[in-house]
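Structural description and commentary
Chain by chain, the residues:
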Amino acid sequence: MENKNILPVEQLCSHYQIEVSFISSLSEYGLIELTRVDETIYVSTDQIRDIEKMIRLHFELDINIEGIDAIFHLLRKVDRLHNELKSIKNQLHFYDPNGHS
């Protein structure tokens, strides 16, 4: 299968020197999505940055999968709140471009 947007999990694990079971655990917790084509399991390259963060959290900071799940849940929430705040600031700027109340 030729697709530049996916990477075989085996290749990912070899590159980062981690076990496939770690990636499987991330998938079981819904932290990443895996795709199976024939006998090969792939991960989207869009997820690599998050996977790298999860690898560091687990192997360098000794945080278990449940902890990683909680951290990423909070990070997504912070990101949503940041976007909401940005939107509200833009709306306020529209109504009062000089910043006066």
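Residues numbered from 1 in each chain as written. Predicted model: local features only at pLDDT ≥ 70, side-chain atom pairs only at ≥ 80, totals over all residues. Heavy atoms only, no water.

**Side note on helix H1 (residues 9-16)**
Our working rule: Note on classification: 1.4 Å probe, protein chains only; a residue is buried when its accessible area is under 20% of the maximum for its type, exposed when over 50%, partly exposed between these limits. Strands here are runs of E lasting at least two residues and helices are runs of H or I lasting at least four, both read from the DSSP assignment and numbered beginning at the N terminus. An arc is given here, and it is the one of the directions from the helix axis to the C-beta atoms.
What H1 keeps buried is the set Val9, Leu12 and Cys13. Axial view of H1: buried residues confined to an arc of 95°, hence all on one face. Seen from the buried face of H1, the exposed residues on the opposite side, beyond 90 degrees, are Glu10, Ser14 and His15. Following H1 by one or two positions, Gln17 has its phi on the positive side, about 55°.

**Topic: the packing of aromatic side chains**
Test applied: Under the pairing criterion, centres of Phe, Tyr and Trp rings, with the six-membered ring standing for Trp, must be within 6.5 Å; the plane angle then separates stacked pairs below 30 degrees from edge-to-face pairs above 60, leaving the rest tilted.
What the rule picks out here adds up to two aromatic pairs. Relative to Tyr95, the ring of Phe94 has its centre 5.2 Å away and its plane inclined at 80°; by these criteria the two rings are edge-to-face. Accessibility classification places Phe94 together with Tyr95 in one group, the exposed group.

**Side note on the nonpolar core**
Filter applied, for reference: Throughout this description, the term nonpolar core refers to a set of buried Ala, Val, Leu, Ile, Met, Phe, Trp, Tyr and Cys residues connected via side-chain atoms within 4.5 Å. The contact rule is simple, with two residues in contact once any of their heavy atoms fall within 4.5 Å.
Of all hydrophobic cores here, the largest spans 19 residues; its most connected members are Phe22, Ile23, Leu26, Met54 and Ile68. Other than its neighbours up to four places away in sequence, Ile23 contacts Val9, Leu12, Cys13, Ile18, Ile32, Leu34 and Ile51.

Worth remembering: the numbers are spatial, not functional.
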